[in-house]
Amino acid sequence: MAGEAEQLRAYVEYLRDMGVHDFYRRGEPVYAEAVPVPAPAAVAAVSVVDEVAEARPLPAKTTVVEQPVVPVAVPVRPQFLEPPIAKLVSFDDLLPLPAARVDAAHKAEALAEIKTEIGDCTRCPLAYAGRRTIVFGDGDANARLMFVGEGPGADEDTSGIPFVGKAGQLLNNMIQAMGLKREEVYIANIVKCRPPANRVPEPVEANTCDQFLLQQIDVVQPQVIVALGATAAMYLLGVKQSLSALRGRWHSCRGAKLAVTYHPAFLLRDPAMKGEAWKDLQRVMGEMGLKSPAKA
Ligand code: SF4
């Protein structure tokens, strides 16, 4: 089975290299017979997902041809994403903040709707790379603090919950040291499916999946986001800089203050850097008025 997934992935990558990008779907299939000729009012009612996708500029070589929608009897191909975009776009530039915010009583419901929208997602190649579970996110829908990592690992792929392996245990310890419980924060990743062999998500994967994380952030509306590692920071902020250049100062993302620190998996490999990560978290605690349990 794993061999078949690898073979399929290699095939997808080959076709992508050849310029075939129609594997990347936007939203659920929309068949021609189900699409009426749009009335003006219906055209205005686009989903957040559509708005995010449209916020990404098409490559210069792409020609967009407006075709009239003609109802036909035979369902044919689904609505496809545009070719993958390698350009980095910050979450703030991707889409304006929503004019109406979800109130506290409806945040859990709104998150459930995003999860339903994701469904059994096959919008990017990670769907065909051996993933077992889509790891949506975990925690308090009304959390003041949100952690964003890179992508699920093997333990998360099995459990469907982000940060549950050794790195997850370390993150739990970090959260406790901040005077919080894990269930009081919200945790998610840039991509929701495990990249094979825990490799870094490719741009097409991150740029396809991040529309859902953006919606989650807009629903939770955290006061502070902590980007765990350079990959999370790169996609949230739309900049490719070293971690040392991004740490130690505040950034902004979707109305929240954003801090950058080391990924717990990195800290497991290099425990000497835990002190530096703790400095980052102390700045977050200062911003949020949190006290370490030892000092409370
Ligand atoms: S990583 Fe995201 S976009 Fe890709 S298949 Fe999984 S849920 Fe869908």
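Residues numbered from 1 in each chain as written. Predicted model: local features only at pLDDT ≥ 70, side-chain atom pairs only at ≥ 80, totals over all residues. Heavy atoms only, no water.

The name given to the protein in an unreviewed UniProt entry is Type-4 uracil-DNA glycosylase, with Tunturiibacter empetritectus as the source organism. Of the protein, the UniProt comment under Catalytic activity (unreviewed entry) reads exactly: "Hydrolyzes single-stranded DNA or mismatched double-stranded DNA and polynucleotides, releasing free uracil." What UniProt records for the protein under Sequence similarities (unreviewed entry) is the sentence "Belongs to the uracil-DNA glycosylase (UDG) superfamily. Type 4 (UDGa) family." (UniProt positions renumbered as here; feature names shortened; annotations may be inferred.)

Right, let's talk about the environment of glycine 248 for a bit. Checked against the element boundaries, glycine 248 lands in the loop between helix H10 (243-246) and strand S5 (251-253). Between the alpha carbons of glycine 248 and glutamate 276 there is a distance of 9.7 Å; along the sequence they are 28 residues apart. For glycine 248, the residues in contact, after removing those within four places along its chain, are Asp280 and Arg283. (Helix = DSSP H or I, 4+ residues; strand = E, 2+ residues; numbered from the N terminus. Contact = heavy atoms within 4.5 Å.)

Attention shifts here to the site of the ligand. Lining the immediate surroundings of the ligand are Cys121, Cys124, Leu126, Ala127, Arg131, Lys192, Cys193, Thr208 and Cys209. In the shell around the ligand, the residues fall into six nonpolar, one polar and two charged. (Near = heavy atom within 4 Å. Nonpolar A, V, L, I, M, F, W, Y, C, P; charged D, E, K, R; others polar.)

Now for the nonpolar core. Counting 68 residues, the largest nonpolar core has Leu145, Phe147, Ile190, Leu213, Ile225 and Leu236 as its most contacted members. When residues no more than four places from it in sequence are discounted, the contact partners of leucine 236 are Ser90, Phe91, Val148, Ile190, Leu213, Ile217, Ile225, Ala227, Cys253 and Leu258. (Core = buried A, V, L, I, M, F, W, Y, C linked by side-chain atoms within 4.5 Å. Buried < 20%, exposed > 50% of the residue type's maximum accessible area, 1.4 Å probe, protein only.)

With the rule as written, the count across this model stands at 10 salt bridges. As a salt-bridge pair, glutamate 205 and arginine 199 come within 2.8 Å of each other at their nearest N and O atoms. Here glutamate 287 and lysine 257 are joined by a salt bridge, their closest N and O atoms 3.3 Å apart. Of this pair, glutamate 287 sits in helix H12 (residues 274-288) while lysine 257 sits in strand S6 (residues 256-261), placing them 30 residues apart in sequence. On the basis of relative accessibility, which here comes to 30%, the residue glutamate 287 falls in the partly exposed class. Connected via shared salt-bridge partners are Arg247, Glu276, Lys279 and Asp280. (Salt bridge = Lys/Arg side-chain N within 4 Å of Asp/Glu carboxyl O.)

With that settled, consider the side chain of threonine 231. Here threonine 231 lies in helix H9 (residues 230-237). Residue threonine 231 is classed as buried on the basis of its relative accessible area, which comes to 10%. In this structure, threonine 231 is in contact with Glu150, Val200 and Pro201, ignoring residues within four places of it in sequence.

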